[in-house]
Amino acid sequence: MDTDIQYSFRSKTIFLTGATGFLGKVIIEKILRTTEVKRIYILVRPKRGIDIQERIAAWSKDPIFGVLLQSKPEALQRISPISGDCRDLNLGIREIDKRLLASEVQIVIHGAATVRFNEPLHVALAINTRATRSMLHLAKEMKQLEVFLYISTAFSNCILLQVEEKFYPEHLTCPSDQVLAISEMVTDEVLDQMEPALLGPFPNTYTYTKALAEDVILREGCDLPVCIFRPAIRASLGLDRQHVRADRDLIRSGQRGAPGGPH
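Residues numbered from 1 in each chain as written. Predicted model: local features only at pLDDT ≥ 70, side-chain atom pairs only at ≥ 80, totals over all residues. Heavy atoms only, no water.

So, about the packing of helix α7 (residues 176-185) against helix α10 (residues 205-220). Orientation of α7 relative to α10, taken along the N-to-C sense of each, is 115°, at an axis distance of 9 Å. One finds that α7 runs roughly perpendicular with respect to α10. For the pair formed by α7 and α10, the contact residues are Ser 176, Asp 177, Val 179 and Leu 180 on the first element and Tyr 208, Leu 212, Asp 215, Val 216 and Arg 219 on the second. Considered class by class, the residues forming the contact of α7 with α10 number 5 nonpolar, 1 polar and 3 charged. (Axes fitted to C-alpha atoms, helices over the stretch in contact; angles between N-to-C directions. Helix = DSSP H or I, 4+ residues; strand = E, 2+ residues; numbered from the N terminus. Parallel < 35°, antiparallel > 145°, perpendicular 65-115°, else oblique. Contact = heavy atoms within 4.5 Å. Nonpolar A, V, L, I, M, F, W, Y, C, P; charged D, E, K, R; others polar.)

Quick look at empty space enclosed by the protein now. Overall, the coordinates contain 2 cavities of 30 Å³ or more when judged by the stated rule. Of the volumes computed, that of the largest cavity is approximately 70 Å³. Around the largest cavity sit Asn 157, Phe 167, Tyr 168, Pro 169, Leu 172, Phe 202, Ala 211, Glu 214, Asp 215 and Leu 218, which together line it. (1 Å grid on protein atoms, 1.4 Å probe; cavity = no way out; pocket = protein on both sides within 12 Å on 5 of 7 lines; lining within 4 Å. Points joined across faces, edges and corners; volume = space filled by probe spheres on them.)

For strand β4 (residues 107-110) and strand β5 (residues 147-151), the ladder comprises 4 bridges, and the chain directions are parallel. In the strand pairing of β5, Ile 107 is matched with Val 147. The parallel pair β4 and β5, bridged by helix α6 (residues 121-139), forms a crossover whose chirality is right-handed. Strand direction decides the pairing type here: β5 and strand β6 (residues 226-229), joined by 4 bridges, are parallel. (Pairing = 2+ DSSP bridges. Right-handed = clockwise from strand over helix to strand, strands pointing away.)

Of the volumes computed, that of the largest pocket is approximately 750 Å³. What lines the largest pocket is a set of 31 residues, and nearest its centre among them are Gly 18, Thr 20, Arg 45, Ala 112 and Ala 113. At the level of secondary structure, the elements contributing two or more residues to the lining of the largest pocket comprise β1 (13-17), α2 (22-34), β2 (39-44) and α6. By residue number, the principal contributor to the lining of the largest pocket is α2, which donates 4 residues. Of the residues contributing to the lining of the largest pocket, the split by class is 15 nonpolar, 9 polar and 7 charged.

As a further point, take the pattern of salt bridges. Evaluation of the coordinates by the stated rule reveals 12 salt bridges. Residue Glu 146 pairs with Lys 12 through a salt bridge whose shortest N-O separation is 3.0 Å. Placement of Glu 146 in the loop between α6 and β5 and of Lys 12 in the loop between α1 (4-9) and β1 is noted, with a sequence separation of 134 residues between them. Of the residues examined, Lys 12 reaches a relative accessible area of 16% and is grouped as buried. (Salt bridge = Lys/Arg side-chain N within 4 Å of Asp/Glu carboxyl O. Buried < 20%, exposed > 50% of the residue type's maximum accessible area, 1.4 Å probe, protein only.)

Let's shift gears to the environment of Ala 197. For Ala 197, the position within the fold is in helix α9 (residues 195-199). Given the relative accessible area of 59%, Ala 197 is considered exposed. Each C-alpha atom, one on Ala 197 and one on Cys 174, is 9.7 Å from the other, the two residues being 23 residues apart in sequence.

With that settled, consider the nonpolar core. The biggest cluster of nonpolar side chains holds 38 residues, and the ones touching the most others in it are Phe 15, Ile 93, Leu 101, Met 142, Phe 148 and Tyr 208. When residues of this core are traced back to their parent elements, those giving at least two are β2, α6, β5, α7, α9 and α10. Of the residues forming this core, the biggest block, 9 residues, is contributed by α6. Contacts of Phe 15, omitting those with residues within four sequence positions, involve Tyr 41, Ile 42, Leu 43, Ile 93, Leu 101, Val 105, Ile 107, Val 108, Ile 109, Met 135, Leu 138 and Met 142. In terms of nonpolar packing, the next biggest core, distinct from the first, is built from 28 residues, Leu 23, Ile 42, Leu 68 and Leu 69 among them. (Core = buried A, V, L, I, M, F, W, Y, C linked by side-chain atoms within 4.5 Å.)

Turning to α7, its buried residues number three or more, namely Ser 176, Val 179 and Leu 180. One side of α7 carries all its buried residues, which in axial view fall inside an arc of 95°. Among the structural elements, α6, α9 and α10 are those in contact with the buried residues of α7. (Arc of directions from axis to C-beta.)

It is worth spelling out the environment of Leu 224 at this point. Locating Leu 224 in the fold gives a position in the loop between α10 and β6. Linking Leu 224 and Phe 148, residues 76 residues apart in sequence, is a C-alpha distance of 7.2 Å. Setting aside chain neighbours within four positions, we find Leu 224 in contact with Leu 136, Ala 139, Lys 140 and Leu 145.

Here we come to α6. Taking 1.5 Å per residue, 19 residues should reach 27 Å; α6 reaches 26 Å between its end C-alpha atoms and fits that length. Of all 19 residues in α6, 18 are buried; the element is thus mostly enclosed. (Expected span 1.5 Å × (residues − 1).)

Shown next, in the form of structure tokens:
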């Protein structure tokens, strides 16, 4: 008998960003191994000389999918890559692919992010904040949408000693819509020079742009079935034979320091 979670994923179509990163692969492996999902569309950034289909085909040799492929040899065939780039306007997704996603997807998991603490502000803002707004706009076109899951970070509010399950727009120097509007009016160089004034108490561009992304959710996602997940550090652990890797969160949201580890 299916659990409630398995029932929720049965025969569903998912759109996932951040799929080629550590956490993205963990999510895909877990979903394919433990549920009967219909299809997983993933956003994949094109690389020169490498077809996006070839990148996914290479996953058959990735140890993280070893246990999955032993029990479900055809599991990776349920993955369909969509060409795009979170750094581009409107995610760089072709119109024909947007229409496909809008007509088929029930579950959105937006996990793509740059986690470099010293990333230039214009880059972090495009990937972590603007792309989140673009994902919301795309989700609003999805006719069967059941949930929009945004993977944030426990450190999006690292300037606080205690973090609750709520939004904190009051700690931003400017609302997200104003910051994104500014980014469209000035050059990348000018925007980067504005970093000290915009960041305020935030220690780096990573935590700041993730906090801005949550503000985008607050302002533009109120009419969607939205969920925000704030994990902290993720680590790869060797477990029993039934698991190749595990994702474990070490919740340190009460600490002011910048996060460590991949996101």
